[in-house]
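Listed here are the chains, written in short residue letters.
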Amino acid sequence: MIERVSAPPRHGIIPVEADADSAPYWSALAENRLQLPRCSRCQHTWSPPSPRCPHCGAEEHGWRELDGHGRVYSWVVVHRPMDEAFAAEGPYTIAVVELDDADGARLVGRLLGPPEQPVTAGAAVRTVVYDVGGQSLPGFVADASSTTGSPTLQGTREGNPA
């Protein structure tokens, strides 16, 4: 089970349109669980959910429950939202996180925490769930329980200096 947290204040939403491939993912999030497709042939786990394994092309797959721990792979700080649903927000950070127990699968979501919190490539995070407009969404918070090494690149929410 992953933790459920309060949504960020003034959080907009573009409603999710779950399809046959992604419905189990969204249903699991609503139950405070993170699960991704896992190929029955090559055992590769991937995200986002799709009808075929992106590694070997097989259609047969099941679902694998994950603990949600991972590392920041990349991020973007949104200062000027492109959609009106998010006009009152900002700046906010969207992170791409490589999940530790998912064969390199990456998950996208909001990095939750104080705006002044530094963002660092390789930083340990854990997945959480929060609700906006009745929709459960994935987010990430710093993982204080991680005992692995330090990050290799540094930046802040204001940008990643060269």
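Rules of the game
Residues numbered from 1 in each chain as written. Predicted model: local features only at pLDDT ≥ 70, side-chain atom pairs only at ≥ 80, totals over all residues. Heavy atoms only, no water. pLDDT = per-residue confidence, 0-100. Helix = DSSP H or I, 4+ residues; strand = E, 2+ residues; numbered from the N terminus. Contact = heavy atoms within 4.5 Å. Pairing = 2+ DSSP bridges. Axes fitted to C-alpha atoms, helices over the stretch in contact; angles between N-to-C directions. Salt bridge = Lys/Arg side-chain N within 4 Å of Asp/Glu carboxyl O. Buried < 20%, exposed > 50% of the residue type's maximum accessible area, 1.4 Å probe, protein only. Core = buried A, V, L, I, M, F, W, Y, C linked by side-chain atoms within 4.5 Å. 1 Å grid on protein atoms, 1.4 Å probe; cavity = no way out; pocket = protein on both sides within 12 Å on 5 of 7 lines; lining within 4 Å. Points joined across faces, edges and corners; volume = space filled by probe spheres on them. Nonpolar A, V, L, I, M, F, W, Y, C, P; charged D, E, K, R; others polar.

Some words on the confidence of the model for the protein chain
Okay, step 1: Looking at the protein chain, pLDDT values average 87 and 89% of them are 70 or higher.
Okay, step 2: Here strand β9 (residues 153-154) stands out as the least confident element of the protein chain, with mean pLDDT 32; strand β1 (residues 34-39) is the most confident, with 98.
Okay, step 3: Within the model, pLDDT remains below 50 along residues 149-162, and this stretch shows 31 contacts once partners closer than five positions in the same chain are excluded.

So, the sheet that holds strand β3 (residues 69-78)
Okay, step 1: Here we have five strands rolled up into a closed barrel, ordered β3-β4-β5-β8-β7, and mixed in their pairing. Recorded for the sheet is a direction-independent mean angle of 45° between the axes of neighbouring strands.
Okay, step 2: Bridge count between β3 and strand β4 (residues 92-99): eight bridges; the pairing is antiparallel. Within β4, the position partnered with S74 by the bridge is V96.
Okay, step 3: Helix α1 (residues 23-30) rests against β5 (106-111), β7 (124-132) and β8 (135-142) of the sheet, and its axis sits at about 70° to β8.

Considering the pattern of salt bridges
Okay, step 1: The tally for this structure, following the rule as stated, stands at eight salt bridges.
Okay, step 2: Between E59 and R52 there is a salt bridge, with the nearest N and O atoms lying 2.7 Å from each other.
Okay, step 3: The partly exposed category is assigned to E59, whose relative accessible area is 48%.
Okay, step 4: With a closest N to O distance of 3.2 Å, R106 and E98 form a salt bridge.
Okay, step 5: Through salt bridges that share partners, E31, R33 and E65 make up one connected network.

Concerning the nonpolar core
Okay, step 1: Core analysis: the largest hydrophobic core is formed by 28 residues, its most contacted members being Y25, L34, W75, L99 and F140.
Okay, step 2: Elements with a minimum of two residues in this core: α1, β1, β3, β4, β5, β7 and β8.
Okay, step 3: The leading source of residues in this core is β7, at five residues.
Okay, step 4: Dropping the residues within four chain positions of it, L99 is found in contact with L34, L36, L66, G68, H69, G70, G104, A105, L107 and T127.

A short note on the layout of surface pockets
If a probe the size of a water molecule is rolled over the atoms, the empty space left behind becomes visible.
Okay, step 1: Computed from the structure, the largest pocket encloses a volume of approximately 460 Å³.
Okay, step 2: Every residue lining the largest pocket is counted, 20 residues in all, and those nearest its centre are W26, V108, G109, L137 and P138.
Okay, step 3: Of all the elements in the fold, those that place two or more residues in the lining of the largest pocket are α1, β4, β5 and β8.
Okay, step 4: The leading source of residues in the lining of the largest pocket is β5, at five residues.
Okay, step 5: Partitioned by chemical class, the residues of the lining of the largest pocket number 14 nonpolar, four polar and two charged.

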